[in-house]
Amino acid sequence: MQPGLWLLLAAQLAALRGSSVLQQVPVSIMVQTNQMVTMSCEVRTSPTSTRIYWLRQRQAPSPDSHHEFLAFWDPKKGIVYGQMAEQEKLTVFPGTTRSILNLTRLNPADSGVYFCMTIGNPQLTFGKGTQLTVVDVLPTTAQPTRKTTPKKRVCRFPIQVTQKAPSCGPLTLSLLVAGVLVLLVSLGVAIHLHRLRRRAQLRLLQQ
């Protein structure tokens, strides 16, 4: 394909939105330097051409964005690379309705949005893109800090122990009543004996 045609396709790509006809996964991915990624693009309908092209947009999509043709699979020629594609780190695996793009030995310069595309007559169909971010160190997810609530101090007052008086049960009351009766009887007997002695003394004095 002529370079001028690729420039035309790049201009159209900046203005077009992704289509659901091409199912492209993943939506986004972040990897470390020197790692490998795999992207997949599947044709959901029966287009005029099942040849799937891969392109890269190095910066955020805008009218001034520059798009690079990376590669596509040709049944006769095999992988056809673009002029700026790094062939030693890029591989395309073909299928009947699917194309897989494999990238190895990545570095931060490989970051960008990767699109798959098919050419119809005259319509161009694009995938929704895969945002690839290559970093030297993956960001760590900060653990949420737990707020510690201060413990409330509980002032405890000394407990005064009061001695309970013995309970007056029925048995205790009965014993008390019996004791009182015994004392009364004893007192009555003593008074009666005293009277008898007094009478006896009076009789002796009268004789």
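All residue numbers refer to positions counted from 1 along the written sequence of the respective chain. Note on the predicted model: pLDDT of at least 70 is required for a residue's local features to be given, and 80 or more for side-chain atom pairs to be given and counted; whole-chain, interface and lining totals, by contrast, use all residues. Think of the side-chain values as coming from all heavy atoms in the structure, minus any hydrogens and water.

Visitor: Mind laying out the packing of aromatic side chains, listing which residues take part and the relevant values?
Guide: Two aromatic rings from Phe, Tyr or Trp, using only the six-membered ring of Trp, form a pair when their centres are within 6.5 Å; if the ring planes differ by under 30 degrees the pair is stacked, by over 60 it is edge-to-face, and anything between is tilted. Under the defined criterion, the tally for this structure stands at 3 aromatic pairs. An angle of 50 degrees between the planes, with centres 4.8 Å apart, marks the rings of Tyr-53 and Phe-72 as tilted. Separated by 19 residues along the polypeptide, Tyr-53 in strand 4 (residues 53-57) and Phe-72 in strand 5 (residues 67-74) bring together distant segments of the chain. Each member of the pair, Tyr-53 as well as Phe-72, carries the same accessibility label: buried. Measuring from centroid to centroid gives 5.9 Å for Phe-69 and Phe-72, while their planes differ by 35 degrees, and the two rings are tilted. Through pairs of rings, three or more aromatic residues link up here, namely Tyr-53, Phe-69 and Phe-72. Only DSSP runs of H or I with at least four residues qualify as helices, and only runs of E with at least two residues qualify as strands; both kinds are numbered from the N terminus onward. Whether a residue is buried, partly exposed or exposed follows from its accessible area with a 1.4 Å probe, protein chains only, as a fraction of its type maximum: under 20%, in between, or over 50%, in that order.

Visitor: Explain the nonpolar core to me, using residue names and the numbers behind them.
Guide: Only buried residues count toward a nonpolar core, which is a set of Ala, Val, Leu, Ile, Met, Phe, Trp, Tyr and Cys residues joined through side-chain atoms within 4.5 Å. Counting residues in each nonpolar core, the largest one holds 19 residues, and the members touching the most others are Met-39, Trp-54, Leu-101, Leu-103 and Leu-132. At the level of elements, strand 3 (37-43), strand 5, strand 7 (90-94), strand 8 (98-103), strand 9 (112-119) and strand 11 (130-135) are the ones that each hand at least two residues to this core. Ranked by residue count, the leading element in this core is strand 3, at 4 residues. Phe-69, Phe-72, Met-117 and Leu-124 belong to the second-largest nonpolar core, a separate cluster that totals 7 residues.

Visitor: An account of a nonpolar patch on the surface is requested, with residue identities and associated values reported.
Guide: Among the surface-exposed residues, Val-177, Val-180, Leu-181 and Leu-184 lie close enough to one another that they form a single nonpolar patch of about 370 Å² accessible area. Structurally, Leu-181 is set in helix 2 (residues 170-206). Exposure above 30% relative accessible area and no salt bridge define the residues that can form patches, which grow by joining like charges within 9 Å and nonpolar side chains of Val, Leu, Ile, Met, Phe, Trp and Tyr within 5 Å. For the area figures, the Shrake-Rupley method with a 1.4 Å probe applies, and any residue is considered shielded solely by the protein chains shown. What makes a salt bridge here is a side-chain nitrogen of Lys or Arg within 4 Å of a carboxyl oxygen of Asp or Glu, nothing more.

Visitor: Requested: an account of the side chain of Arg-56, with residues and values cited.
Guide: Tracing the backbone shows Arg-56 in strand 4. For Arg-56, a relative accessible area of 5% gives the class buried. Think of a polar contact as two N or O atoms within 3.5 Å of one another; within protein, one of them needs to be a possible hydrogen donor and the other a possible acceptor, and neighboring residues in sequence only count if both atoms come from side chains. Among the polar contacts made by the side chain of Arg-56, one reaches the side chain of Tyr-114 at a distance of 3.0 Å. Residue contacts are defined here by distance: any two heavy atoms, one from each residue, within 4.5 Å place the two residues in contact. When residues no more than four places from it in sequence are discounted, the contact partners of Arg-56 are His-66, His-67, Glu-68, Leu-70, Asp-110, Val-113 and Tyr-114.

Visitor: Describe the sheet that holds strand 7, listing the residues and the values that go with them.
Guide: Each strand in a sheet pairs with its neighbour through backbone hydrogen bonds, running either in the same direction (parallel) or in the opposite one (antiparallel). The strand order across the open sheet formed by 4 strands is 1-3-8-7, and the pairing between neighbours is antiparallel. If you trace the sheet from one side to the other, it starts and ends with strand 1 (22-25) and strand 7, each paired once. For this sheet, the mean inter-axis angle between neighbouring strands, taken without regard to orientation, is 15 degrees. For strand 3 and strand 8, the ladder comprises 6 bridges, and the chain directions are antiparallel. Bridge pairing in strand 8 links Glu-42 to Arg-98. Strand pairing requires that DSSP identify at least two bridges connecting the strands. The angle between two axes is taken between their N-to-C directions and runs from 0 to 180 degrees, where each axis is a line fitted to C-alpha atoms and a helix contributes only its stretch in contact.

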